[in-house]
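Residue-level structure breakdown
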Amino acid sequence: MGMMVSAARVKLSDVARDAGVSAATVSRAIAQPGLLSPDTLARVRASAQRLGYLPDGAARALASGRSMTIGAIVPTLDSAIFARALQAMQATLAQAGYLLLVASHEASPAAETQAVRALLGRGVDGLMLVGAERAPETTALLRTSGLPVVLTWCGDGHFTAVTIDNAMAGRLAAQHLISLGHRRIGMIVGHLQFNDRQRARLTGARMALEEAGLSLPDSLVVEQALTLAGGRAGCAMLLDLDDRPTALIGGIDLFAIGCLEEAHARGMAVPDDLSVVGIDGLDMSAHVSPGLTTVHVPTGRIGNLAAQTLIAMVAHRPVERETLLPVELVVRRSSQAHTGP
């Protein structure tokens, strides 16, 4: 028996009358919904929605059931890459009146499940996750929630995604070194379990080498923690081989910068004694010495687009199922032609 009132003129008192509650109860539903019983809150929400009562942000959250918060779960906060993506998300969301809630899982699928459960419990309007590989339990939680979800860096064909071609990134790094005459190329990657980005970058590099009649055997691939120290340790292991590689690929720029450090500590010149290529295009890679050749990944753009896509999905606007952003080789001074055997 709802009253028909023009949406432009709907006042708080109209909602109160329609829901059969006091005006004080309606303002409480807006400001402190936790204080109301679930059925009173549902009744006020139904009236607000039916009458189209939308004067401000808080009331909009009441009418739409929106909390104006978006959750993001990243592998780690101790990363220039995820910090950049989250910063871009934050800027885009803040402009639209959304708050960003952030959690990290430190490469543990169970911790990611827990974080998803916690953010769903906070009533987020949508979620950004990294990569397509996760515990089945997490995927089930996301599906059941029916919430907007955007995957980043890698997609799975089910959820909406903002991705890059990680295999292409690995391929570009390897092809560059092959074109310079390198035959024995080593690679440092992050731990491959629960990291589809690193796996794809390794696969891409390996395919490029195989197509050139070369190979990237397991003996020339080192898995390390995703840190500068990990890059140095990985580089040390590869340089200590009897038949050491003449060029190294870092699965992330940080690894490649670790390689520059390790080579320097050993009195080796880069690129004269060793060529090094990264993948990511960190800002600092342009400023290390020598400047790092790298495959640039549009990290900030991933964050912006993930945020824009979630905002559109929350508003029930159509979005691209999967947006693939380009990666490109940026040649600097850390790689050069190899003339020896």
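See the structure printed just above.
This report concerns the structure included in the present document. Every residue gets a number counted from 1 within its own chain, in the order that chain's sequence is written. It should be noted that, the model being predicted, local features are given only for residues of pLDDT at least 70 and side-chain atom pairs only at 80 or more, the latter also being counted only at that level, while totals for whole chains, interfaces and linings use all residues. For side-chain calculations, the full set of non-hydrogen atoms in the structure is used, while hydrogens and water are omitted.

**Overview of the overall build of the chain**
- Under the DSSP-based scheme used, a helix requires at least four consecutive residues in state H or I and a strand at least two consecutive residues in state E, with every element numbered from the N terminus. Regarding its fold elements, the chain presents 12 helices and 12 strands.
- Atoms counted for the radius of gyration: C-alpha only. Globule rule: 2.2 Å times the number of residues to the power 0.38. For 341 residues, the compact-globule formula gives about 20 Å, and the C-alpha radius of gyration of the chain, at 25 Å, lies well above that figure.
- Dimensions of the chain, computed from C-alpha atoms along their principal axes, come out at roughly 85 × 35 × 35 Å.
- Working definition: with a 1.4 Å probe on protein chains only, accessible area under 20% of the residue-type maximum means buried, over 50% means exposed, and in between means partly exposed. Looking at the 341 residues of the chain, the share that counts as buried comes to 52%.
- In the chain, of all internal contacts separated by at least 6 residues, the share reaching a separation of at least 24 is 69%.
- Carbon and sulfur atoms make up 54% of the accessible area of the chain, which amounts to about 15,400 Å² in all. Contacts are residue-level and defined by heavy atoms, with any inter-residue pair within 4.5 Å sufficient. Working definition of accessibility: Shrake-Rupley area with a 1.4 Å probe, residue cover restricted to the visible protein chains.

**Details of the packing of aromatic side chains**
- We call Phe, Tyr and Trp rings a pair once their centres come within 6.5 Å, taking the six-membered ring for Trp, and we label the pair stacked below 30 degrees between planes, edge-to-face above 60, and tilted otherwise. Under the definition given, this model contains one aromatic pair.
- A ring pair is formed by Phe82 and Trp153, whose centres lie 5.2 Å apart and whose planes are at 75°; its orientation type is edge-to-face. Of this pair, Phe82 sits in helix H5 (residues 80-95) while Trp153 sits in strand E4 (residues 149-153); the two residues are 71 residues apart in sequence, bridging distant segments of the chain. Just as Phe82 is buried, Trp153 falls in that class too.
- Arg143 extends its terminal NZ or CZ atom over the ring of Phe159, reaching a point 5.5 Å from the ring centre. Two thresholds decide whether a charge sits over a ring: the Lys NZ or Arg CZ must be within 6 Å of the ring centre and within 35 degrees of the ring normal.

**Describing the sheet that holds strand E3 (residues 126-130)**
- Across the sheet, which stays open at both edges, the six strands sit in the order E2-E1-E3-E4-E5-E11 with parallel pairing between neighbours. With partners counted over all chains shown, the strands left at the sheet margins are strand E2 (99-104) and strand E11 (322-325), one partner each. The mean inter-strand angle of the sheet, taken between neighbouring strand axes irrespective of direction, is 15°.
- Two strands form a pair only when DSSP identifies at least two bridges running between them. Examined bridge by bridge, E3 and E4 share four bridges and lie parallel to one another. The residue bridging Val130 from the neighbouring strand is Thr152, located in E4.
- Note on definitions: angles span 0 to 180 degrees between N-to-C directions of axes, and those axes are lines fitted to C-alpha atoms, for helices only across the stretch in contact. Of the strands in this sheet, strand E1 (69-74), E3, E4, strand E5 (160-164) and E11 are in contact with helix H12 (residues 299-314), which crosses E4 at around 170°.

**Considering the packing of helix H8 (residues 166-179) against helix H9 (residues 196-211)**
- Closest axis-to-axis distance for the H8/H9 pair is 6 Å, and the angle between their directions is 40°. In terms of orientation, H8 and H9 fall into the oblique class. Seen along the crossing, H8 lies across H9 with a hand that is right-handed. The segment H8 lies against H9, with Asn166, Ala167, Gly170, Arg171, Ala174, Gln175 and Ile178 engaging Arg197, Ala200, Arg201, Gly204, Ala205, Met207, Ala208, Leu209 and Glu211.
- Basically, the charged four are Asp, Glu, Lys and Arg, the nonpolar ten are Ala, Val, Leu, Ile, Met, Phe, Trp, Tyr, Cys and Pro, and anything else, Gly included, counts as polar. In terms of residue class, the contact of H8 with H9 is built from eight nonpolar, four polar and four charged. Our angle categories are set so that under 35 degrees counts as roughly parallel, over 145 as roughly antiparallel, 65 to 115 as roughly perpendicular, and the remainder as oblique. If you view the pair so one helix is near and one far, a crossing is left-handed when the near helix is turned anticlockwise from the far one by less than a right angle, and right-handed when it is turned clockwise.

**Comments concerning the nonpolar core**
- We define the nonpolar core as a collection of buried residues of types Ala, Val, Leu, Ile, Met, Phe, Trp, Tyr and Cys that are connected through side-chain atoms lying within 4.5 Å of one another. Core analysis: the largest hydrophobic core is formed by 71 residues, its most contacted members being Met89, Trp153 and Ile249.
- In terms of residue count, the dominant contributor to this core is H12 (eight residues).
- Ignoring any residue separated from it by four or fewer positions in sequence, one finds Ile249 in contact with Ala173, Ala174, Leu177, Ile185, Gly186, Met187, Ile188, Ala205, Val277 and Ile279.
- Core analysis: the second largest hydrophobic core is formed by 14 residues, Ala19, Val44, Ala48 and Leu51 among them.

**Some remarks on the pattern of salt bridges**
- For salt bridges, the criterion is a side-chain nitrogen of Lys or Arg within 4 Å of an Asp or Glu carboxyl oxygen. Within the structure shown, the criterion is met by 15 salt bridges.
- Note that Arg201 and Asp280 form a salt bridge whose closest N and O atoms lie 3.4 Å from each other. Remark: Asp280 occurs in strand E9 (residues 275-280) and Arg201 occurs in helix H9; sequence separation between them is 79 residues. For the residue pair Arg201 and Asp280, the accessibility class agrees, reading buried in each case.
- With a shortest N-O distance of 2.8 Å, Arg206 and Asp218 are connected by a salt bridge. Highlighted residues: Arg206 in helix H9 and Asp218 in the loop between H9 and strand E7 (221-224), separated in sequence by 12 residues.
- On the accessibility criterion, Arg206 (22% relative accessible area) is partly exposed.
- Residue Asp218 is classed as exposed on the basis of its relative accessible area of 60%.
- Each member of the salt-bridge network shares a partner with another, and the members are Arg232, Asp240, Glu261, Glu262 and Arg266.

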